[in-house]
Amino acid sequence: MTNNQSVRICGVDVTNVSCVEIEKAISRFLQENIARQVVTINPEFLYTARHDKDFRAVLNSADLQVVDGFGVSCAFFWRGKRVQCRMTGVELMWQLLDHADRGRLSVFLATNAFGLTQWQDMHNVIRLRYPHIRVIGANMDPHAPHIDPETSADIVLCNFGAPYQEMFIHMLKDRNACRVGIGVGGAFDFATGKVKRAPHWMRRCGCEWLFRFAQQPRRIKRIIRAVIIFPLYVLRGK
């Protein structure tokens, strides 16, 4: 998806689409028999993309980019543009599941076998809220994911974390194994209640990273990259 309001950041041409355009694109993708990849762009993604050409290529080849992250909005502002819609992976996941329930579609959950949430945990959450969705899944090693070649679903949600989830979805796209695939990061942990989300006001003002750091201090390296190093890249025009 192209947009004349796109901004090139860390080698990625980040498109600037509205919330209405996102909704329309997802609805269209789910009506077609072509595999599509949706990516959520946040500062950590762009930091990684600057140093990983394969990941950068996957982000640039995505069928839909959604801005996720206050830092990306600031980067657009620094370039003289305003982000039309900022949507987190959690919000996008629920939007996809709303579509799946209305259309009685199937969802495959590719979960990190070493993470907090296993696919069975997320299955229980989805089934309580969306009775018309057929849910299947598997717990995998993000570094060496294996999926039965015969497995397919309308929607694939993957929580391996970047860049592994995007590379995995890209592989499924090449196989045409789904209609829409998206990496959702920590969305499963939020949905199951294993990790608490920051208050709305903190998310709005770009301070969610502080709340997550308080809960998960081991994220310090990731936070430094997103909150300190990434802005320096933007200021230097990289």
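It should be noted that the structure appears before, not after, this text.
Residues numbered from 1 in each chain as written. Predicted model: local features only at pLDDT ≥ 70, side-chain atom pairs only at ≥ 80, totals over all residues. Heavy atoms only, no water.

Caption draft 1: Structural context of the packing of helix 1 (residues 19-31) against helix 5 (residues 89-103). Between helix 1 and helix 5, the shortest axis-to-axis distance is 11 Å and the interhelical angle comes to 45 degrees. Relative to helix 5, the element helix 1 is oriented oblique. For the pair helix 1 and helix 5, the sense of crossing is right-handed. In this structure, helix 1 contributes I22, E23, I26, S27 and L30 to the contact, and helix 5 contributes L92, Q95, L96, H99 and R102. Classifying every residue of the contact of helix 1 with helix 5 by side-chain character gives 5 nonpolar, 3 polar and 2 charged. (Axes fitted to C-alpha atoms, helices over the stretch in contact; angles between N-to-C directions. Helix = DSSP H or I, 4+ residues; strand = E, 2+ residues; numbered from the N terminus. Parallel < 35°, antiparallel > 145°, perpendicular 65-115°, else oblique. Left-handed = near helix turned anticlockwise from the far one by under 90°. Contact = heavy atoms within 4.5 Å. Nonpolar A, V, L, I, M, F, W, Y, C, P; charged D, E, K, R; others polar.)

Caption draft 2: A nonpolar patch on the surface, seen in detail. A cluster of nonpolar residues, W78, W209, L210, I220, I224, V227, I228, L232 and L235, forms a patch on the protein surface that exposes about 800 Å² of accessible area. Contributions of two or more residues to the nonpolar patch are made by helix 10 (208-215) and helix 11 (220-235). Sorting elements by how many residues they give to the nonpolar patch places helix 11 first, with 6 residues. Note that L235 resides in helix 11. (Patch = residues over 30% accessible without salt bridge, like charges linked within 9 Å, V, L, I, M, F, W, Y side chains within 5 Å. Areas by Shrake-Rupley, 256 points an atom, 1.4 Å probe, with all protein chains shown as cover. Salt bridge = Lys/Arg side-chain N within 4 Å of Asp/Glu carboxyl O.)

Caption draft 3: Representation of the side chain of D68 in the model. Position of D68 relative to the elements: it lies in the loop between strand 4 (64-67) and helix 4 (70-78). Of note is the side chain of D68, whose polar atom sits 3.4 Å from the backbone nitrogen of G89. Among residues more than four places away in sequence, those in contact with D68 are T40, I41, N42, P43, R86, M87, T88 and G89. (Polar contact = N/O pair within 3.5 Å; in protein donor to acceptor, adjacent residues only side chain to side chain.)

Caption draft 4: Inspection of the state of the cysteines at higher detail. A full pass over the atoms with the stated rule returns 1 disulfide. C158 carries a free sulfur, and the closest cysteine sulfur to it, the one in C178, is 11 Å from it. When its relative accessible area of 0% is taken as the criterion, C158 is described as buried. (Disulfide = S-S within 2.5 Å. Buried < 20%, exposed > 50% of the residue type's maximum accessible area, 1.4 Å probe, protein only.)

Caption draft 5: Structural context of the pattern of salt bridges. Scanning all chains against the criterion turns up 9 salt bridges. A salt bridge links R36 to E32; the nearest nitrogen and oxygen atoms lie 2.7 Å apart. The exposure class assigned to E32 is partly exposed, which follows from its relative accessible area of 22%. D54 is the salt-bridge partner of K53, the closest N and O atoms lying 3.6 Å from each other.

Caption draft 6: Representation of empty space enclosed by the protein within the structure. Applying the stated criterion across every chain yields a total of 1 cavity of 30 Å³ or more. Roughly 30 Å³ of internal volume is contained in the largest cavity. Around the largest cavity, the lining residues are F108, I147, T151, S152, A153, V156, L172 and A177. For the lining of the largest cavity, the per-class residue count stands at 6 nonpolar, 2 polar and no charged. (1 Å grid on protein atoms, 1.4 Å probe; cavity = no way out; pocket = protein on both sides within 12 Å on 5 of 7 lines; lining within 4 Å. Points joined across faces, edges and corners; volume = space filled by probe spheres on them.)

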